[in-house]
Structures are given as C-alpha cells and as structure tokens.
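Structure assessment
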Amino acid sequence: MAILGAYMVPHPPMIVPDIGRGREKEIEETIRAYEKVAEDIAKIKPETIIITSPHSVMYSDYFHISPGKKAGGSFINFGAGNVSFKEGYDEELVNILNGLAYKSDFPAGSLGEKDKNLDHGTMVPLWFIRNHYKGGKIVRIGLSGLPLTEHYKFGMMIQEAINMTDRRCVFVASGDLSHKLKDYGPYGFAKEGPIYDERIMDISERGAFDEMLDFDETFCDKAAECGHRSFVIMAGALDGVELEIDRLSHEDVTGVGYGICIFHPKGPDNRRHFLDIYMEKLKKRVEAEREKEDQYVKLARASLESYIKYGKVLSIPEGLPPDMIRNRAGVFVSIHKHGNLRGCIGTIGPTEPSIAQEIIQNAISASTRDPRFDPITEDELDLLEINVDVLGQAESVKSMDELDVKKYGVIVSCGSRRGLLLPDLEGVDTVEEQVSIAMRKGRINKGEKIKLERFEVIRHI
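First things first, this report covers the structure right here in the doc. All figures in this text were calculated on a predicted structure; none of them were measured in a lab.

Here we take up the sheet that holds strand 9 (residues 241–251). Overall, mixed pairing links the six strands, which are arranged 7-2-8-1-10-9 in an open sheet. At either margin of the open sheet sits one strand with a lone partner, and together these are strand 7 (137–142) and strand 9. On average, each strand axis in the sheet is inclined to that of its neighbour by 15°, with strand direction left out of account. Of the strand pairs in this sheet, strand 9 and strand 10 (residues 258–268) are connected by ten bridges, and their pairing is antiparallel. Of the residues in strand 10, the one forming a bridge with E242 is G267. Set on the sheet, helix 8 (residues 228–237) makes contact with strand 1 (3–9), strand 2 (48–53), strand 8 (169–174) and strand 10; between it and strand 8 the angle comes to about 155°.

Next up, the structure:
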C-alpha cells in the first residue's frame, strides 16, 4: 500500500508547553497547523509513521535507518524530562528498506547507531501526533551529506519498500526552515534566509518538487536551514504521485522559519517523476555550458574522459593555443556535479613541461585521486562541470591586509606544512575565512607562526 499522507513540519522544542512555558504562544499559527496535521494522521490511522529528522544519526555519505525493536527519549535536555516517549520500530519495513539498499548498492542502512535515544526532530512531531493518535510503529531515518539527488532517490526507495508491504503509512518530513530571518533571532540575519523560506514554501505549495533539487549547497548553508534534505526525501517518496496540497502555515516571528504543509496522494501521475525531469534539465544545462568551454577546459574534460573510459593518458592534441604548449604554471582542475564539488586537485607550481600537460595530469588526479571523493565513474561524465585555474607567480605578503578574497588566492605555510585556497570561491566571503580554510588544509593550528603568500589566477570555464 502506498503512502496515504505526507507532512512537512518543523520541530521547535518551545512548541511543547512543558518546554515553552508560555513562549509557545508566540507561534500560535504553527501550533494550530500542527494540530491539523495530527488530526489528519489520526483519521488515516497509519500502521507505520516514517519520520525523517536532521537530528537523528547523520553521516556524510550514508543514510542511517534506526535499528531495533523500540526506542525511547525525553525532553530532558530542554528542561522537560517528564515529557517522554516509548516507540516501537517497524522492523519488517526497516529490513525491506535495508535489503533494497543492499541489493542496489545504495548508501543506506542500519549500521553505526551512535545514539539509541530519540532526537527532538523526531519527538516534537510525535508529541502532537500522540496527543491524537496512539497507534502505529515508527521508522526513524537520518539525513546525509550526499547530494540532493541521492536524497530524492532514497525517498523513491522508501516508496518502493512501502509498496512491497500492505502497510498503511504516512511520511513526516521534520525540519525547520531558515534560522537567519531576523536580527534578533538566535543566529542573526542573512539575506539568504527570507529568500530560502519564500522559495521552499512556494515550491511546496505548488508541489514542484523538481525545483527542490535546484537549491545550491552554499545558498542553503548561508540560509542556515535544517530541513531541506528531509523535504527532498519526502518528495522522492511521493515520486510519480498526484497530490492534493494544503499549505497550512508559515511563521518567522522568532527568527527561525516554521512551515507546515499537508500532501494527500490522489493516485499515479506520470508527469511527476521529478528526478527524471531534473536530470534532463541538468544535462541540457551542462551541454549548453560545454559548448562555451574554452580550450583549457576542453582539454581537462578530454583528459579525464580518456582516462575514465579507456584508462589512457591523453596525448597533447593538435591545435592548442601556443601559450598552453610553451608556458609552464601551476594548475588546478575543479569538478562539480549537481552544483557540489566532485573533485579538485592542482599544483602550486609547474611540475610538467607545459601548461597543457599540467592540465592533462591534474584533470586525471582531480577526477580519480581526490581522497575526499570516490573516483568519478563513466556514467557521471555527462553531468560534470569543470573549471581550470592557471596560477600566477606567488608573492609574499606581510599581513592579511594585503589579501583580497576575490582577487587573490592564498598560500599559508608553517615549516614544511602548506595550505592553499583559490580566490573567488562561492561561500568564502572574507579574507579571514580564506586563510582559516587554507590553514586547515595545511594542518596548521591557530596560533602557530605562519607565512602568507598571495597569487592571482586566470580562471577558465
């Protein structure tokens, strides 16, 4: 049986009266909307309540599904230990989902449980639900640091697992919106905050779930949202399904965004396979960008494709600009997929006889030897966006006052340890951030005596 209801809900602990102690009245609209969600679930009488929470066990490259027969928890960390939960897990559905993930080599399962206690991202929704409905077991699922497309795929896998049972299921996507909506809020204000809230509420109200995949990771970080990946998993679990949507509320009075929507499935709809729609749109965008690539980027792409497809190091092709053949320089090759970094490796100074050979070698390294990522596979090649940075000569500077995060890259040295960061990177807005990141890359600790160098780059896209 398919999902019978899905819900986008926040999880502010203050909304629970024993925690809020009167402050919950500040967000009465959210409370009223939450009550409607709980009443709706009670009418459905689900056998299983699936909850995705950003505060459950979370890994960078793995979706965690809580194992075992049962779990408990309380709001003791919020001064309300008297409010507690004892929940049974739907072991059969968890086992089916684990089996599907194993069979398809998808990074999800029940390994690595760090904390068996229920988290507040799970308990806040349950507090409202259990006030109206005592039945049903739960499945608790954490998020990951993987791309949004993988979250959507995981949602599709959850849908498949549910369809293999006769369960009456509902899906609760727990997550707050931006935490940076007001100057007086707990995290201050960022211009990205209100933009995020407006976009996600509009998308949710229209059910345009392909647009959820269009959110840039840096933008989401600046908005300080915590629920986006939770909402994307829910969207995947509703893939190919016609929906009746009720936008109940959106509040931002505390400086944090709280949005609530109800999604009622109405039957199959082949127009709503949004991952397919998004991937087709992405391929067209990458194809359009490839047509505008200059010779430097074309060479990097040809190099990594030759190596990944055939295991061969590309020979220098004919017709390259003379500067690529005659000159030597350090080169960085950066690779992105779905807007997320997929590999980046380079050389501070020249190590090859020419810039062309430097590009060929570093494109291979960035795509197959970056220790932060698995090697790029052949089926990813059509989705890659590539940049090539040719580094100018580094020069010493006496202080950070001589740096410019947009114009200069920086090299920070301490003895034999060295860290480098390129200029004009998305999400790096200050010299202090730039130097701090370079220090971490060089394993240089705060307080150690450092040497600063700056360099300019010519960026090819």
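Okay, back to it.
Glancing now at the sheet that holds strand 17 (residues 451–455). Within a beta sheet, neighbouring strands are joined by backbone hydrogen bonds and run either parallel or antiparallel to one another. Sheet architecture is open: four strands sit in the order 14-17-15-16, paired in antiparallel fashion. Single-partner strands in this sheet number two, and they are strand 14 (395–397) and strand 16 (417–421). On average, each strand axis in the sheet is inclined to that of its neighbour by 30°, with strand direction left out of account. Note: strand 15 (residues 409–414) against strand 17, five bridges, orientation antiparallel. Bridge pairing links S413 to K451 in strand 17. Along the sheet, helix 13 (residues 431–441) makes contact with strand 15, strand 16 and strand 17, crossing strand 16 at roughly 135°.

On to the pattern of salt bridges, then. Tallied over the full model, the rule gives 28 salt bridges. In this structure, R32 engages E28 in a salt bridge whose closest nitrogen and oxygen atoms are separated by 3.8 Å. Pair noted here: R32 and E28 are both in helix 2 (residues 28–44), with a separation of four residues, about one helical turn. Taking relative accessible area as the criterion, E28 reaches 39% and is therefore assigned partly exposed. Through salt bridges with shared partners, a single network forms among D90, E92, D166 and R167.

This part is about the pairing of strand 13 (residues 384–391). Extensive coverage of strand 13 is indicated by the burial of six of its eight residues. By the bridge criterion, seven bridges tie strand 11 (residues 331–337) to strand 13 in an arrangement that is antiparallel. By the bridge assignment, H336 is partnered in strand 13 with E385. Where strand 13 lies against strand 18 (residues 457–460), four bridges are found, and the strand directions are antiparallel. If you follow V390 over to strand 18, its bridge partner there is I458.

There is a patch of like negative charges on the surface, built from E280, E287, E291 and D382. The topology assignment puts E287 in helix 9 (residues 274–291).

We now examine the nonpolar core. One finds F154, I158, F171, Y196, I200 and F263 to be the most contacted residues of the largest nonpolar core, which totals 57 residues. With seven residues, helix 5 (residues 148–163) is the single largest residue contributor to this core. Those residues in contact with F171 that sit more than four places away from it in its chain are I3, G5, A6, Y7, I50, T52, I158, I233, M234 and A237. Grouped together as the second largest cluster of nonpolar side chains are 39 residues, I51, L126, I129 and I260 included.

We now examine the side chain of E251. Here E251 is to be found in strand 9. Of the side chains with opposite charge, R32 comes closest to the buried, unpaired E251, at an N-O distance of 6.6 Å. Discounting residues that sit within four places of it in the chain, E251 has contacts with E26, I27, E28, E29, T30, V256, G257 and Y258.

A separate point is unusual backbone geometry. Despite not being glycine, A224 shows a phi value in the positive range, around 55°. Phi angles above zero are rare outside glycine, and D424 is one such case at about 55°. Within the secondary structure layout, D424 lies in the loop between strand 16 and helix 13.

Conventions used here
Residues numbered from 1 in each chain as written. Predicted model: local features only at pLDDT ≥ 70, side-chain atom pairs only at ≥ 80, totals over all residues. Heavy atoms only, no water. Pairing = 2+ DSSP bridges. Helix = DSSP H or I, 4+ residues; strand = E, 2+ residues; numbered from the N terminus. Axes fitted to C-alpha atoms, helices over the stretch in contact; angles between N-to-C directions. Contact = heavy atoms within 4.5 Å. Salt bridge = Lys/Arg side-chain N within 4 Å of Asp/Glu carboxyl O. Buried < 20%, exposed > 50% of the residue type's maximum accessible area, 1.4 Å probe, protein only. Patch = residues over 30% accessible without salt bridge, like charges linked within 9 Å, V, L, I, M, F, W, Y side chains within 5 Å. Areas by Shrake-Rupley, 256 points an atom, 1.4 Å probe, with all protein chains shown as cover. Lys, Arg positive; Asp, Glu negative; His and termini not counted. Charge placed at Lys NZ, Arg CZ, Asp CG, Glu CD. Core = buried A, V, L, I, M, F, W, Y, C linked by side-chain atoms within 4.5 Å.

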